[in-house]
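# Chain and residue survey
Here are the chains, one letter per residue:
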Amino acid sequence: MIKELYTKLSYVVWGLLNIIHGQIVKGLIFLSLEISYILFMIISGARNLAQLITLGDKLQGMNFNEEIGIYEMTAGDNSMLILLYGVITIVISIVALSIGFFSVSSGKAARDRAMAGKHNNNFLEDLRSLTNNNIRFLLLSVPVVGLIVFTVMPLLYMILMAFTNYDQNHQPPGNLFDWVGIKNFITLLSTGDRLASTFWPVLGWTLIWGFAATFTCYFGGMILAMIINSKGIKFKKFWRTIFVFTMAIPGFISLRVVATMLGEKGIFNVLLQQWGFTSTSLPFLSNATWARFSVIIVNFWIGVPVTMLMVSGILMNIPGELYEAARIDGAGPVTMFRKITFPYMWFVTTPYLISNLISNFNNFNTIYFLTAGEPHTLDYYKGAGKTDLLVTWLYKLTKDSNDFNLAATIGIIIFVISAIFTLISFSRSNSLKNEEGFS
């Protein structure tokens, strides 16, 4: 009866079971963490959570000081800080709750060992175990703390921001922002609003760009690698080095140089006019259709060497016996490619293709440094251009118009699309379903 009471009390008094069963220091550490959390909640945590409900209600303003006869600035609430402190309090509460459950689990384990007549480690023995049997916990502790501070907190902050009206008209501390529920999602996804008439075309171009950029580079690199690795080609290392030169130059420099060359007064237009192919400048970057083809072609030029190197390594690892057996059976080059080379490369590179496709959905550099999203159109919302991807439009919404709520909403939509596509495509690929397929 008393043991059950102690067990129930351990949910309220962390470390109680550890203290009772000889792990005094360990139990006191759990208890001190609980007391620290309670003090934190009393001093500021409870206030942070309470303010999180309203995100502040006291506006900054000017009040007349009758004693000195002038107007003075009076500080108000800051919704941005209130949201941040609220997120920190939520994360600390989740961590504290996890520690509480761990303390109960640890206490029950100590109780069971004591009842079975087994030895319970003291504090020094627990410390020594962290450098020996339990070193994995010691090594994981630093990454977990980094993950919570640098990933979980900012991500939670961004997610919550999508449910507010934190835009250019609600900039703290002068103006407070407030919760608006799923209004941002409805505005963005519904039809009839200018935001929606921008979002859907930009999403459509993002998907087209992602697939085009991924598969042009993939098949282009594959063909190039097969040509270089084919019999009869001399100086294979030289040819590989030539194509890798583009990788040695920082990508944004190449993109800015190409953007200049494709401009109205750029070298391409100048030469085409001098050679008599055209009398006027071609709109490589100023016409929507031309600009979209231009960015895909430039990305192909930059991305092919990467795929070529990767595929070259795969080609050299395909067992030669497969080709010998195919030749004996009378298979030609096309048949060997369809039955051996391509299935092998597809099997090995499926995870790369999926990750590359997702990264192309968020390929900020190529679009921003080549076209900056241009050409602009008055049909789109606030500076969005015909070559803007969701990620570059998101950047403009934060940098140019301070529409952080819309940017956060778009960020969540990008995440959902990427996550769903990755899970479906990877779970259906042979790389996951048949891991031993080509071993």
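For clarity, every value in this text was computed on a predicted model and none was experimentally measured. (Residues numbered from 1 in each chain as written. Predicted model: local features only at pLDDT ≥ 70, side-chain atom pairs only at ≥ 80, totals over all residues. Heavy atoms only, no water.)

### With respect to the UniProt feature "domain: ABC transmembrane type-1" (unreviewed entry) in the protein chain
Stated precisely, the cut-off is as follows: UniProt positions are given in the numbering used here, feature names are shortened, and annotations may be inferred rather than shown by experiment. Counting from the N terminus, the helices are the DSSP runs of H or I reaching at least four residues and the strands are the DSSP runs of E reaching at least two.
The feature "domain: ABC transmembrane type-1" (unreviewed entry), as annotated in UniProt, sits at residues 203-425 in this numbering. A distance of 19 Å separates the end C-alpha atoms of residues 203-425, which is 74% helix and 0% strand.

### A word on the UniProt feature "transmembrane region" (unreviewed entry) in the protein chain
The UniProt feature table records "transmembrane region" (unreviewed entry) at residues 12-43, 82-104, 137-163, 207-229, 241-262, 290-315 and 404-426. Here residues 82-104 runs as 100% helix and 0% strand, with 33 Å between its end C-alpha atoms. Taken as a whole, residues 207-229 contains 100% helix and 0% strand, while its terminal C-alpha atoms sit 33 Å from one another.

### Thoughts on the side chain of Ser401
The line we're drawing: Nitrogen and oxygen atoms within 3.5 Å of one another constitute a polar contact, given that in protein one can donate a hydrogen and the other can accept it, and given that sequence-neighbouring residues count only through two side-chain atoms. Contact between two residues is taken to exist if any of their heavy atoms lie within 4.5 Å; hydrogens are not considered.
If you trace the backbone, Ser401 turns up in the loop between helix 16 (390-399) and helix 17 (404-428). Separated by 3.2 Å, the side chain of Ser401 and the backbone oxygen of Leu397 make a polar contact. Not counting the four nearest positions on each side in its chain, Ser401 is found in contact with Gln168, Lys382 and Lys396.

### Some details on the domain arrangement of the protein chain
We count it as follows: Where a domain begins and ends is set by an automatic assignment or by a domain database. Throughout, the accessible surface (probe 1.4 Å) given up by two parts as they are put together, summed over both, is called the buried area.
Segmenting the protein chain into domains produces domain 1 (1-61 + 71-180) and domain 2 (187-434). The centre of domain 1, based on its C-alpha atoms, is set 43 Å off from the matching centre of domain 2. Counting residues at the interface gives ten residues for domain 1 and ten residues for domain 2. Of the roughly 780 Å² buried between domain 1 and domain 2 on both sides combined, carbon and sulfur atoms contribute 61%. Counting the surface domain 1 buries against domain 2, the share from its top three residues, Met158, Ala162 and Gln168, is 47%.

### Some remarks on the pairing of strand 2 (residues 70-74)
Working note: regular strand, side chains alternate between the two faces of the sheet. Test applied: In this scheme, strands are said to pair when DSSP sees at least two bridges between them.
Sheet topology note: the strand 1 (residues 61-65)/strand 2 ladder contains five bridges and is antiparallel. Paired with Met62 across the strands is Met73, a residue of strand 2. Connecting the antiparallel pair strand 1 and strand 2 is a turn made up of four residues, with Gly69 showing a positive phi of about 75 degrees.

### A few points about the confidence of the model for the protein chain
Note the following rule: Confidence of the predictor in every single residue is expressed as pLDDT, which spans 0 to 100.
Mean pLDDT over the protein chain works out to 86, with 97% of the residues at or above the 70 mark. For the protein chain, the element scoring lowest by mean pLDDT is helix 18 (residues 430-433), at 64; helix 3 (residues 24-54) scores highest, at 93.

### Side note on the pattern of salt bridges
Short version of the rule: When a carboxyl oxygen of Asp or Glu is within 4 Å of a side-chain nitrogen of Lys or Arg, the pair counts as a salt bridge. Throughout this description, buried means an accessible area under 20% of the type-specific maximum (1.4 Å probe, protein chains only), exposed means over 50%, and partly exposed covers the range between.
On inspection of all chains with the given rule, the structure shows five salt bridges. Between Arg111 and Asp112 there is a salt bridge, and its shortest N-O distance comes to 3.3 Å. For Arg111, a relative accessible area of 17% translates into the label buried. For Asp112, a relative accessible area of 39% translates into the label partly exposed. Note that Asp400 is salt-bridged to Lys399, the shortest N-O span being 3.4 Å. When its relative accessible area of 53% is taken as the criterion, Asp400 is described as exposed.

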